[in-house]
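This is what each chain is made of:
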Amino acid sequence: MIPIAEPALSQEELNNVIEAVKSGWISSKGKFIPEFEEKLAAYCGTKYGVATSNGTVALHLALAALGIKAGDEVVVPTLTFAATANAVIYTGAKPVFVDAHPENWCINPEKIEEALTPRTKAIIPVHLYGHPCDMERIIDIAKRRSLLIIEDAAEAHGAEYKGRRVGSFGDIACFSFYGNKIITTGEGGMCITNDEELAAKMRVLRDHGMNPQRRYWHDMVGFNYRMTNMQAAIGVAQIEKLEKFIEKKRKIAGWYSERLKELERKGLVKLHPELPWARCVYWMYSILIQDNFGLSRNELMNRLQLEGIETRPLFFPLHLMPPYKRGDKMTVAEELSGRGVNLPSSVNLTAEQVEYITDRIVRLKS
Ligand SMILES: Cc1ncc(COP(=O)(O)O)c(C=O)c1O
C-alpha cells in the first residue's frame, strides 16, 4: 500500500532522542524545547515560539492568550480540519463559518465581511493543504474592523505569500507536528508571535497559569499544554530538513501535475492550485474529480484502494456536520469537498510511485 503520508525520520532524529533520554530530561524541561522554539520562530521570521503538546491546543492557547471568551465570535473557514473550530468552542466563543475561495480553496476574503458582527473578535485563516491564504486582503479587513488574526498554519510549514513565509502575518500563528505533517514530532504544536507579552502569557497559560517567578503560585487558570523534550528533540532534527522536505513536496506536485495535465486539459480533473503570489508546500497534493471523469470521487478512491493506493477525501465542510450545523449553504466548499481527493504525498514518495498512481488514475477514467 502506498500511504497517503508517512514521516521521514532518520539517524538525526534518533540521535537527538537518545540524547534526550540519556540526559534524563524527558518531560517538558530540557535543551531541545527552547532550541526548537527559537528555530521555528526564526525560520518564519518571528521572534518567539511557544511549543505545545499538539496543534489543537496551540490554537486554544493562542485564543486564550488573546482573551477570546464566551459571547465572542471568531471567523473560520468552513473547509478545514475540525480542530480549527473546536479550539474556538473550547473558549466558549462561537465559530462563524465562511465559504472557500474557488481558486485556492482557502477562506474567501470577499465573504468574510458578510460574516462579521459586533461580537466578532478574530479571524483564523487556515493555509489549507499547504496553500497560503490571501493574507493582504484578510489583514486589510482585520485592520479596518479591529480584529485579531490567528493563522492556522498546521498544514503549511514554509508556505509563502508574496515571498514571505506564513506564520508572520497574524498576531499569533499555530503549527501542528502530527505524524502526517510536513515536519513532525509525533504529536506536537507551536504558537509563534512577535509580541513578547503574548509569548510570556502563552508560556504561563501552557504551564497551569503558574507564576514563573513564584513557583506554585497561580495568577490565572491555565492548562498543561507543554511539549516534551523528546518531542522537541525530534523537532530540532526535522526543522533542519524542512527546506529539503518542501523542495521534495514541490517536486512531487510537479510530477503529479505533469502526468495529470492531459486529464485537466480534457476537463476530467482539476489540479491542486498554486496562485501566482503563492509558494504552495503541497502538504497533501489533491485533485478535483469532474463529472465527465466517468467515476465519482468515492468510486475512484475505492478503486485506487484496490490498487494499493491510499487516498483521503477533502475535508467535509464544518457547517454541514452535527456539532457545528448552521443551516447555511456554502456552495464552493461543498463542491470542493464532494470532488476533492488527497493523493499520497509523503516526502519519501518516488517518481516511480507517482507514475504508478497517475497511470492508475488515467486508466480508471472512462
Ligand atoms: C488545519 C488544521 N488545524 C489544526 C490541526 C490540529 O493539529 P493536531 O492534530 O496537532 O492537534 C490540524 C491537524 O491535524 C489541521 O490540519
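Residues numbered from 1 in each chain as written. Predicted model: local features only at pLDDT ≥ 70, side-chain atom pairs only at ≥ 80, totals over all residues. Heavy atoms only, no water.

### Side note on the packing of aromatic side chains
Applying the stated criterion to the full structure yields 10 aromatic pairs. Taking the centre distance of 5.0 Å and the plane angle of 55 degrees together, the rings of Phe36 and Phe177 count as tilted. Of this pair, Phe36 sits in helix H2 (residues 32-43) while Phe177 sits in the loop between strand S8 (172-176) and strand S9 (189-193), and the two are 141 residues apart along the sequence. Of the two residues examined, Phe36 and Phe177, each falls in the buried class. Ring geometry for Phe223 against Tyr225: centres 4.7 Å apart, planes inclined by 10 degrees, an arrangement best described as stacked. Ring pairing ties together the aromatic residues Phe81, Tyr129, Trp283 and Phe315, which thus form one cluster. Of note, Arg165 hangs over the ring of Tyr43, and the distance from its end group to the ring centre comes to 3.8 Å. The ring centre of Trp217 lies 4.1 Å from the NZ or CZ of Arg214, which sits over that ring. (Phe/Tyr/Trp six-rings, centres within 6.5 Å; stacked < 30°, edge-to-face > 60°. Helix = DSSP H or I, 4+ residues; strand = E, 2+ residues; numbered from the N terminus. Buried < 20%, exposed > 50% of the residue type's maximum accessible area, 1.4 Å probe, protein only. Lys NZ or Arg CZ within 6 Å of the ring centre and 35° of its normal.)

### Side note on the site of the ligand
Surveying the vicinity of the ligand reveals 15 residues, the closest of which are Gly55, Thr56, Asp152, Glu155 and Ser176. In the environment of the ligand, an oxygen atom lies 3.4 Å from a nitrogen or oxygen atom belonging to the side chain of Asn54. Measuring from a nitrogen atom of the ligand, one finds a side-chain N or O atom of Asp152 at 2.7 Å. For the ligand, whose unbound accessible area comes to 380 Å², protein coverage reaches 93%. At the level of elements, helix H3 (55-65) and helix H4 (83-90) are the ones that each hand at least two residues to the shell around the ligand. (Near = heavy atom within 4 Å. Polar contact = N/O pair within 3.5 Å; in protein donor to acceptor, adjacent residues only side chain to side chain. Areas by Shrake-Rupley, 256 points an atom, 1.4 Å probe, with all protein chains shown as cover.)

### Overview of the sheet that holds S8
Within the open sheet, the 7 strands sit side by side as S1-S9-S8-S5-S4-S2-S3. Their pairing is mixed. The sheet terminates laterally at strand S1 (48-52) and strand S3 (94-98), the two strands that pair on one side only. For this sheet, the mean angle separating the axes of adjacent strands, direction not counted, is 25 degrees. For strand S5 (residues 148-152) and S8, the ladder comprises 3 bridges, and the chain directions are parallel. Following the sheet pairing, Asp152 is matched in S8 by Cys174. In the packing of H3 onto the sheet, contacts are made with S1, strand S2 (73-77), S5, S8 and S9, and the angle to S8 comes to roughly 165 degrees. (Pairing = 2+ DSSP bridges. Axes fitted to C-alpha atoms, helices over the stretch in contact; angles between N-to-C directions. Contact = heavy atoms within 4.5 Å.)

### Remarks on the packing of H3 against H4
The N-to-C vectors of H3 and H4 enclose an angle of 40 degrees; their axes lie 9 Å apart at closest approach. Taken as axis vectors, H3 and H4 run oblique relative to one another. The handedness of the crossing between H3 and H4 comes out as right-handed. In contact with Thr56, Leu59, His60 and Leu63 of H3, H4 contributes Ala83, Thr84, Ala87, Val88 and Tyr90. When the residues that make up the contact of H3 with H4 are grouped by side-chain class, the tally is 6 nonpolar, 3 polar and no charged. (Parallel < 35°, antiparallel > 145°, perpendicular 65-115°, else oblique. Left-handed = near helix turned anticlockwise from the far one by under 90°. Nonpolar A, V, L, I, M, F, W, Y, C, P; charged D, E, K, R; others polar.)

### What about the sheet that holds strand S14 (residues 340-342)?
Read from one edge of the open sheet, 4 strands run S10-S12-S14-S13, paired in antiparallel fashion. Looking at which strands have only one partner, the edges of the open sheet turn out to be strand S10 (269-271) and strand S13 (312-313). By the bridge criterion, 3 bridges tie S10 to strand S12 (residues 286-289) in an arrangement that is antiparallel. The residue bridging Lys270 from the neighbouring strand is Leu288, located in S12.

### Considering the pairing of S1
In regular strands, side chains alternate between the two faces of the sheet. For S1, the tally of buried residues reaches 4 of 5 residues, placing the bulk of the element in the interior. Where S1 meets S9, 5 bridges bridge the pair, whose relative direction is antiparallel. Note that in S9 the partner of Val50 across the bridge is Cys191.

### Topic: H2
If you check H2, its first and last C-alpha atoms are 16 Å apart, about what 12 residues at 1.5 Å a residue would give, namely 16 Å. Every buried residue of H2 is accounted for by Phe32, Ile33, Phe36, Glu37, Leu40, Ala41 and Tyr43. Across the axial projection of H2, the buried residues extend over an arc of 165 degrees, all falling on one side. Among the exposed residues of H2, those pointing more than 90 degrees away from its buried face are Glu38 and Ala42. Gly45 sits one or two residues past H2 and shows a positive phi near 80 degrees. (Expected span 1.5 Å × (residues − 1). Arc of directions from axis to C-beta.)

### Concerning the pattern of salt bridges
Side chains bearing opposite charge may pair, as long as their charged atoms lie close to each other. Considering all chains together, one arrives at 27 salt bridges under this definition. Taking the shortest distance from any N to any O, the salt bridge between Arg203 and Glu37 comes out at 3.2 Å. Of the two residues, Arg203 is situated in helix H7 (residues 196-206) and Glu37 in helix H2; the sequence distance between them amounts to 166 residues. Between Glu307 and Arg360 there is a salt bridge, with the nearest N and O atoms lying 3.0 Å from each other. Of this pair, Glu307 sits in the loop between helix H10 (297-306) and S13 while Arg360 sits in helix H12 (residues 351-364); the two residues are 53 residues apart in sequence, bridging distant segments of the chain. For Glu307, a relative accessible area of 30% gives the class partly exposed. (Salt bridge = Lys/Arg side-chain N within 4 Å of Asp/Glu carboxyl O.)

### Some details on H12
For H12, spanning 14 residues, the distance from its first C-alpha to its last is 20 Å, which sits close to the expected 20 Å at 1.5 Å a residue. Where H12 is buried, its residues touch helix H9 (242-265), S12 and H10.

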